[in-house]
Amino acid sequence: MDALELLVNRRSASRLAEPAPTGEQLENIIRAGMRAPDHGTLQPWQFFIIEGEGRERFSQTLTEGAVQAGFDEKAIEKARTSPFRAPMIIAVVAKCQQHHKVPQWEQLLSAGCAVMAMQMAALAQGFNGIWRSGPLTDSDVVRQALGCGELDKIVGFLYLGTPQLKTSTTISTPDTAPFVRYF
Ligand SMILES: Cc1cc2nc3c(=O)[nH]c(=O)nc-3n(C[C@H](O)[C@H](O)[C@H](O)COP(=O)(O)O)c2cc1C
């Protein structure tokens, strides 16, 4: 897929099924994530690939997190089932450090750019997905399961797979003018 076409017209997809990226496709996705802009070459990210039985374990973790957070039954059930909305999830943790030159917000942005780059690399290979977050990104249970230290932050869960609904490829041309100023 042409790079500009992909960037200008891309859509996220939430209805996802098998197949998920494997082998070289998945490696390309991770490599794209690791080419995110990275001030100081800190590589401030950790990627957790959740698939197969990993989804069961992740479901358990999210359920525990939801219970600990005092969610109502409906929300607990939503947390339990959410990993099964796609054949693969890549949980992205920003691994932040105190740095004399690179503040934490820059490290968070790098990890966020990695999520976007991975979604685009998936799309370029015929897959798609959606970047999700939610209150459980701050859950102690989930943070601990994903090895978060004090400064670390779960920046997203990238759901990946093969889109089930044909999303419209014609995006209405946005009115860019209000968002742009020449200084
Ligand atoms: C940090 C971040 C967190 C997000 N969390 C969610 C989420 O939890 N649930 C959701 O439906 N969309 C979430 N989104 C938005 C989707 O990824 C997506 O951009 C949105 O559904 C619009 O679709 P589009 O990408 O096709 O424009 C999040 C986006 C970002 C950048």
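Residues numbered from 1 in each chain as written. Predicted model: local features only at pLDDT ≥ 70, side-chain atom pairs only at ≥ 80, totals over all residues. Heavy atoms only, no water.

The name given to the protein chain in an unreviewed UniProt entry is Putative NAD(P)H nitroreductase, with the source organism recorded as Phytobacter massiliensis. For the record of the protein chain, the UniProt heading Sequence similarities (unreviewed entry) holds the text "Belongs to the nitroreductase family." (UniProt positions renumbered as here; feature names shortened; annotations may be inferred.)

Participant: Account for the UniProt feature "binding site: FMN" (unreviewed entry) in the protein chain, naming residues and giving values.
Facilitator: On the UniProt side, "binding site: FMN" (unreviewed entry) is annotated at positions that read R10, R11, S12, R35, H39, W131, R132 and S133 here. Spatial dispersion of the annotated residues is evident: they stretch over 124 residues in sequence, and the largest pairwise C-alpha distance comes to 28.3 Å. Turning to its location among the elements, H39 is positioned in the loop between α2 (23-33) and β2 (45-51). In this structure H39 comes out as partly exposed when scored by relative accessible area, which is 37%. As for its placement among the helices and strands, W131 is situated in strand β4 (residues 128-132). (Helix = DSSP H or I, 4+ residues; strand = E, 2+ residues; numbered from the N terminus. Buried < 20%, exposed > 50% of the residue type's maximum accessible area, 1.4 Å probe, protein only.)

Participant: Let's hear about a nonpolar patch on the surface: which residues, and what values?
Facilitator: Taken together, the side chains of L4, L7, V8, M116 and W131 present a nonpolar region at the surface, about 490 Å² in accessible area. A total of three residues in the nonpolar patch trace back to one element, the largest contributor, which is helix α1 (residues 3-9). Accessibility expressed as a relative area gives 54% for V8, which makes it exposed. (Patch = residues over 30% accessible without salt bridge, like charges linked within 9 Å, V, L, I, M, F, W, Y side chains within 5 Å. Areas by Shrake-Rupley, 256 points an atom, 1.4 Å probe, with all protein chains shown as cover. Salt bridge = Lys/Arg side-chain N within 4 Å of Asp/Glu carboxyl O.)

Participant: I'd like a rundown of the environment of E24, residues and numbers included.
Facilitator: Along the chain, the position of E24 falls in helix α2. Taking the C-alpha atoms as reference points, E24 and Y159, separated by 135 residues in sequence, lie 18 Å from one another.

Participant: Could you give me a rundown of the site of the ligand, with the residues and numbers involved?
Facilitator: As a structural note, the neighbourhood of the ligand is formed by R10, R11, S12, I130, W131, R132, S133 and G134. Separating an oxygen atom of the ligand from a side-chain N or O atom of R10 is a distance of 3.0 Å. Between the ligand and W131 there is a distance of 2.7 Å, counted from an oxygen atom to a backbone nitrogen or oxygen. When the free accessible area of the ligand is taken as 620 Å², the share hidden by the protein chains comes to 53%. By residue class, the composition of the shell around the ligand is two nonpolar, three polar and three charged. (Near = heavy atom within 4 Å. Polar contact = N/O pair within 3.5 Å; in protein donor to acceptor, adjacent residues only side chain to side chain. Nonpolar A, V, L, I, M, F, W, Y, C, P; charged D, E, K, R; others polar.)

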